[in-house]
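# Overview (structure and organization)
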Amino acid sequence: MRWQARSSQLFLAAALLTMAGAPALLRAQGPPVQNSRPPERGVARISVMNGQVSVRRGDSGDWVAGIINAPLMVEDRVAAGQGSRAEVQFDSANLIRVGANAEIRLGALDHSHINVQIAHGTATFRVLRDSHVQVELDTPTVSVRPAHIGVYRIYVKEDGQTEITVRLGDAEIYTPRGTEQMQAGQTMLARGTQADPEFRIVPAIAIDEWDRWNEQRDHELLSSQSYRNVPQDVYGSEGMDGNGRWVNDPTYGSVWSPTVDPDWAPYQDGRWVWEDWYGWTWVSNEPWGWAPYHYGRWFYAASCGWCWYPGGFGPHYWSPALVAFFGFGGGGVGLGFGFGNIGWVALAPFEVMHPWWGPGFYGGFRGGVGIGVTNVNILASYRNARVANGVAGVSAADFAAGRFHNVSRVGGEQMRSAGLVRGQLPVAPTAANLRYSNRAVTNVPHSSENVRFFSHNQASPVQRVPFAEQQRAMQQLSRQPAASTAASTGAWRRAEGPSSSSAGATRPGMSGSSRDGGWQRFGEPRAATPRATAYGGSASGSSSYRSYSAPAGNYGGRSSGQQPIRIAPSVVRERSAPRTEAHSAPRTSSSSGGGGGHVAHSSGGGGGGGGGAHGGGHR
């Protein structure tokens, strides 16, 4: 009995010590969790872009030019032009790469379910790490469900015929008539109607330039140092590699210090974009500017300058930005809070966040929601406001017009009599706030509005309020007169000139209507399926995909000294011009990697500058 009493006393003492040290532990671990559950709306991003990539917004129907770090939501569409390619990241484990003349649509995007619809062209879905998220890839003919970490390449012809290649991992192929299993080293050719498709399985198609580019990009992601320094549910940090350094701070532990000019400050090289459900969202021009602006907090230290702290224990949920908005200056005509200028300051660790997004505010986009404005001394309330150049602002007119090329530094006197905004910033968005950059859209794909996809698990419908309706609600909230922006019809526009593909794109074994050459009905018994001897399937010995756990020094059978894939800098980012000048026009760029064109455009050679008879694999 005495030893039990003694044990109880020791346990109580340890508990008291733990409770006494809890505040210090929390301070060391990171900012408090702002949300108790994952957000209802997932957000993906464009993480790599080479060439002309466009996004059709699901809320307005407008086509806008893509940019690195552009946020993507359900019902958005991504299209790559001739000789172009892009990568879309969903989280730290799942991503898809879009080849030349290909188009994808986001059907579902949340913390447990990802659905991507591949309308046409070549795309590769990559599961990099173990994930609890269920993934479904829909085509006009069949539905593909990746089962494990792996590489899943899908090519959809203009007539809906589908070619599925499993380079690594396993996949289940769903149809209304039954399910088929696929393993690494196999290619399935599927054709026919959604109600009664037929298929054949052959050894995997040979590895080409598209596969090699995917493999090199995988290596960069899997070897990223920054991913090892951020929590698992923070994604998009690989761009920080090579653009800064990780240092140890005595208060916050491992933090990241960007390589920037001496007068640099966060949330100043980019723009505020309007996103359905989230409202005002920061889109950075900096190629690394995803994770540091949507997770964690910024602070200034004498030892390393501006530093980003990713946060400690607990879930980490995506935010449109982590700033405090405030109004300052007179002349706020038409603004509900009476100020003529809008400023913002990055939140430091432990500073209170006043969210302007989420279910409570989303309903307000349609029915009006109150705002709170409190006269505060910004300098006394926010640590980063006391750092030189730490606070930025623009006129309210420039904010609403999407003009962020002349962001100014807000001085101390202006911040002493500012109005802190709690809730939604009372500025009605215009069509200009739907664009991610000043670049004009140049790639609008030909109409594929009538394409229908087969889906095994129908995604739960997501209610996206049309932009015009959101705009009217915000105009009422901000007491602004109706803007003279043209309402979007949401219709797809047809590109001038011929289609991006032709009958010449037919793969061997994908033409014809008879059931010869090994074609089968789904759900019928079949013999053992052929597999490639080395995942590429060619005797010439193209490099094969390795398992996730293989040594990084010999990725895919190639030496670690291979040069990394090059992405044209002028396409990857849009740098702001000096603060007193407008943005300069973006430069046209090209990459040695090309990206390849659709084989339909190949008359005697590979299209789009890249790689082999299929134009870099973009058939």
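Residues numbered from 1 in each chain as written. Predicted model: local features only at pLDDT ≥ 70, side-chain atom pairs only at ≥ 80, totals over all residues. Heavy atoms only, no water.

### Quick notes on the pairing of strand β8 (residues 103-109)
With respect to burial, β8 is a largely interior element, 7 of its 7 residues being buried. Where strand β5 (residues 77-80) lies against β8, 3 bridges are found, and the strand directions are antiparallel. Within β8, the position partnered with Ala79 by the bridge is Glu103. In terms of strand pairing, β8 meets strand β9 (residues 113-127) through 6 bridges, oriented antiparallel. From the neighbouring strand, Arg105 faces β9, where its bridge partner is Gln117. (Buried < 20%, exposed > 50% of the residue type's maximum accessible area, 1.4 Å probe, protein only. Helix = DSSP H or I, 4+ residues; strand = E, 2+ residues; numbered from the N terminus. Pairing = 2+ DSSP bridges.)

### Quick word on the confidence of the model for the protein
Confidence in the prediction for the protein averages 75 pLDDT; 67% of positions are at 70 or higher. Within the model, pLDDT remains below 50 along residues 533-619, and this stretch shows 220 contacts once partners closer than five positions in the same chain are excluded. (pLDDT = per-residue confidence, 0-100. Contact = heavy atoms within 4.5 Å.)

### Concerning the nonpolar core
Membership of the largest hydrophobic core comes to 67 residues, with the highest contact counts inside it found for Tyr267, Trp272, Trp298, Phe325, Trp344 and Phe399. The greatest single-element share of this core, amounting to 5 residues, is contributed by strand β24 (residues 323-328). Setting aside residues up to four positions removed in sequence, Trp272 forms contacts with Trp280, Thr281, Trp282, Ala321, Val323, Phe325, Trp344, Phe399, Phe404 and Asn433. Of all hydrophobic cores here, the second largest spans 50 residues; its members include Val53, Ile68, Ala70 and Leu137. (Core = buried A, V, L, I, M, F, W, Y, C linked by side-chain atoms within 4.5 Å.)

### Brief notes about the environment of His294
Note that His294 resides in helix α3 (residues 291-294). A C-alpha to C-alpha distance of 5.9 Å links His294 and Pro320, two positions 26 residues apart in sequence. Ignoring sequence-local partners within four residues, the contact set of His294 consists of Thr281, Trp282, Tyr317, Trp318, Ser319, Pro320, Ala321 and Leu322. Side-chain polar atoms of His294 contact the backbone oxygen of Ser319, separated by 2.8 Å. (Polar contact = N/O pair within 3.5 Å; in protein donor to acceptor, adjacent residues only side chain to side chain.)

### Side note on the pattern of salt bridges
Taken as a whole, this structure holds 18 salt bridges when the rule is applied. Glu103 serves as the salt-bridge partner of Arg105, at 3.4 Å between the closest nitrogen and oxygen. Linked through salt bridges whose partners overlap, the residues forming this network are Arg45, Glu87, Arg97, Arg126, Arg217, Asp218, Glu220 and Glu238. (Salt bridge = Lys/Arg side-chain N within 4 Å of Asp/Glu carboxyl O.)

### Focus on the state of the cysteines
Should the sulfur atoms of two cysteines be covalently bonded, the bond is a disulfide. For the structure on display, the rule yields 1 disulfide. Between the sulfur atoms of Cys304 and its disulfide partner Cys307 the distance amounts to 2.1 Å. The burial state of Cys304 is the same as that of Cys307; both residues are buried. (Disulfide = S-S within 2.5 Å.)

### Considerations on the packing of aromatic side chains
According to the stated counting rule, one finds 33 aromatic pairs in the structure shown. A ring pair is formed by Tyr252 and Phe299, whose centres lie 4.8 Å apart and whose planes are at 50°; its orientation type is tilted. Taken as a pair, Tyr252 in the loop between β18 (244-249) and β19 (253-258) and Phe299 in strand β22 (residues 297-301) lie far apart in primary sequence, 47 residues in all. With a centroid separation of 5.1 Å and an interplanar angle of 80°, the aromatic rings of Trp274 and Trp280 are classed as edge-to-face. Comparing Trp274 with Trp280, the two get one shared label, buried. (Phe/Tyr/Trp six-rings, centres within 6.5 Å; stacked < 30°, edge-to-face > 60°.)

### Details of the environment of Gln161
Tracing the chain through its elements places Gln161 in the loop between β12 (150-156) and β13 (162-168). Linking Gln161 and Val142, residues 19 residues apart in sequence, is a C-alpha distance of 9.3 Å. Here Asp159 takes part through its side chain, which lies 2.9 Å from a polar atom of the side chain of Gln161.

### Observations concerning the side chain of Arg167
When you line up the elements, Arg167 lands in strand β13. A polar side-chain atom of Arg167 sits 2.7 Å from the main-chain carbonyl oxygen of Ile205. Of the polar contacts made by the side chain of Arg167, one reaches the backbone oxygen of Ala206; its length is 3.3 Å.

### Digging into helix α2 (residues 209-222)
With 14 residues, α2 should cover 20 Å at 1.5 Å per step; its first-to-last C-alpha distance of 20 Å lies within 8% of that length. The element α2 is largely enclosed, with a buried count of 11 among its 14 residues. Among the residues making up α2, those that are buried are Glu209, Trp210, Asp211, Trp213, Asn214, Glu215, Gln216, Arg217, Asp218, His219 and Leu221. Elements that come into contact with the buried residues of α2 comprise β1 (44-50), β6 (85-89), β7 (94-98), β9, β12 and β13. Taking the backbone nitrogen of Trp210 as reference, a side-chain oxygen 3.2 Å away marks Asp208 as the first, capping residue of α2. (Expected span 1.5 Å × (residues − 1).)

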